[in-house]
Amino acid sequence: MSDVHFEAASTFPDAAGLAPDKAISLSLSRAIHEHKLSPGIKLGEDELAEIYGVSRTVVRSALRTLAHHRLVEIKRNRGAFIAQPSPREAREVFEARELLEPRTAREAARRATSADAARLRRHIAREHEASLDGDRGLSLYLSGQLHVEIARIAAQDTITGFIETLIARSSLIVALYWRRESAICGHHDHESLVCAIEAHQPDEAEALMRSHLVDLHSALDLERPTSVAGSLKEMLTGP
């Protein structure tokens, strides 16, 4: 297995021992979240098999997993491509988030234990550190995952699953349509949100999450998608 696979296993502690197709889908998902792989990029089976040091059958299984989560589109007779949400889909995703996530923030503020609050604190510290280090990809990934962590604290498993999918789609949407840095979750927004959850202030947590998501939505320019070029190998193995 190539260095890309081993990097995936070390980045995700729960990837150790996974079947190769699962580890590869995890690695590709992370690359999408970090905007290393741009919407519309073709995911050639031969190229991925060479990069990861596995068979095309293993790659095909990984791509099917990503297609199930709507991160990849598999087009008949053309192959697999990183998904490109339309402006309509982008609006729907953020409208869905604006409906679901304020309520999960409210419930998280009601249920959060001291251990939960400490975990959120560590998370935003890592996010802030990544931002200061100029690691935009890691900062992007951690930013989205904080929203997932809040949903998990709310202990609403079905809704958490929806939010995980919406966060993944949001990564693609921001890659395509963002026009200012505030389209990336701000450290201060997250700090205020975590403070409200830690202080068991449901109303405040709900209001902050709603305001935060509305701001993210308004920062997108749905009329002019971004286009990024580059080879698949460079995107996956570059810094």
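The coordinates are above.
Notes on the structure in this doc start here. (Residues numbered from 1 in each chain as written. Predicted model: local features only at pLDDT ≥ 70, side-chain atom pairs only at ≥ 80, totals over all residues. Heavy atoms only, no water.)

### Some thoughts on the sheet that holds strand 3 (residues 79–82)
Spatially, 3 strands are ordered 1-3-2 in an open sheet, and the strand pairing comes out antiparallel. Edge positions in the sheet fall to strand 1 (42–43) and strand 2 (72–75), since each of these pairs with one other strand and no more. (Pairing = 2+ DSSP bridges. Helix = DSSP H or I, 4+ residues; strand = E, 2+ residues; numbered from the N terminus.)

### Quick notes on helix 10 (residues 202–218)
Along its 17 residues, helix 10 runs 24 Å from first to last C-alpha, staying within 8% of the 24 Å computed at 1.5 Å per residue. Among all positions in helix 10, only P202, A205, E206, M209, H212, L213, L216 and H217 are buried. Along helix 10, the residues classed as buried sweep out an arc of 135 degrees about the axis, all on the same side. (Expected span 1.5 Å × (residues − 1). Buried < 20%, exposed > 50% of the residue type's maximum accessible area, 1.4 Å probe, protein only. Arc of directions from axis to C-beta.)

### Some thoughts on the environment of V174
Here V174 shows up in helix 8 (residues 157–177). Its relative accessible area of 10% is what places V174 among the buried residues. Considering only alpha carbons, one finds V174 and H33, 141 residues apart in sequence, at a separation of 9.9 Å.

### So, the packing of helix 3 (residues 45–52) against helix 4 (residues 56–68)
In the contact formed by helix 3 and helix 4, the axes pass within 9 Å of each other and the chain directions differ by 105 degrees. Classified by the angle between their axes, helix 3 and helix 4 sit roughly perpendicular to one another. Facing E45, D46, L48 and A49 of helix 3, the residues of helix 4 in contact are R56, V59, R60 and L63. (Axes fitted to C-alpha atoms, helices over the stretch in contact; angles between N-to-C directions. Parallel < 35°, antiparallel > 145°, perpendicular 65-115°, else oblique. Contact = heavy atoms within 4.5 Å.)

### Let's talk about the pattern of salt bridges
Across all of its chains, the model carries 20 salt bridges by this definition. R103 is the salt-bridge partner of E206, the closest N and O atoms lying 3.7 Å from each other. Within this pair, whereas E206 is found in helix 10, its partner R103 is found in helix 5 (residues 87–111), the two being separated by 103 residues in sequence. On the basis of relative accessibility, which here comes to 47%, the residue R103 falls in the partly exposed class. Here D203 makes a salt bridge to R106, at a shortest N to O gap of 2.3 Å. A residue pair is termed long-range when its members are at least 10 positions apart, and D203 in helix 10 and R106 in helix 5 qualify at 97 residues. D203 sits in the exposed class, given a relative accessible area of 54%. The network of salt bridges with common partners includes R103, R106, D203, E206 and R210. (Salt bridge = Lys/Arg side-chain N within 4 Å of Asp/Glu carboxyl O.)

### Describing helix 2 (residues 20–33)
In a regular helix each residue adds 1.5 Å, so 14 residues correspond to 20 Å; helix 2 covers 20 Å between its end C-alpha atoms and thus fits that length. Burial runs high along helix 2: 11 of the 14 residues are buried. All of the buried residues in helix 2 are D21, A23, I24, S25, S27, L28, S29, R30, A31, I32 and H33. H35 sits one or two positions beyond helix 2 and adopts a positive phi of about 65 degrees.

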